[in-house]
Amino acid sequence: MDALSLPPDLARALDDLADATGLRPEDIVRDAVRDRLRAEEARVLGEAERLAQAHADLLRRLGE
């Protein structure tokens, strides 16, 4: 992915955060995306485990 297009208000906020933290805007965005992906992965895994437990008997019977 080459460039991320942000609305002006978000671009300004990102630039302000970068200035305040001494990080590059790209680093902040990369870290935020990485954190979001990890959170979603954990959420989906948790949901899959919940469904597997709720339907364990059916899944066992289908596997026979």
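The rules behind each value
- Residues numbered from 1 in each chain as written.
- Predicted model: local features only at pLDDT ≥ 70, side-chain atom pairs only at ≥ 80, totals over all residues.
- Heavy atoms only, no water.
- Salt bridge = Lys/Arg side-chain N within 4 Å of Asp/Glu carboxyl O.
- Helix = DSSP H or I, 4+ residues; strand = E, 2+ residues; numbered from the N terminus.
- Buried < 20%, exposed > 50% of the residue type's maximum accessible area, 1.4 Å probe, protein only.

A. Region of the structure containing the pattern of salt bridges. Following the criterion strictly, the structure yields nine salt bridges and no others. When the shortest N-O distance is used, the salt bridge between Arg43 and Glu40 registers 3.1 Å. Of this pair, Arg43 and Glu40 both sit in helix α2 (residues 25–54), three residues apart, which is roughly one turn of that helix. Owing to a relative accessible area of 28%, Glu40 belongs among the partly exposed residues under this scheme. Beyond isolated ion pairs, a larger network of salt bridges with shared partners links Arg24, Asp27, Arg30, Asp31 and Arg34.

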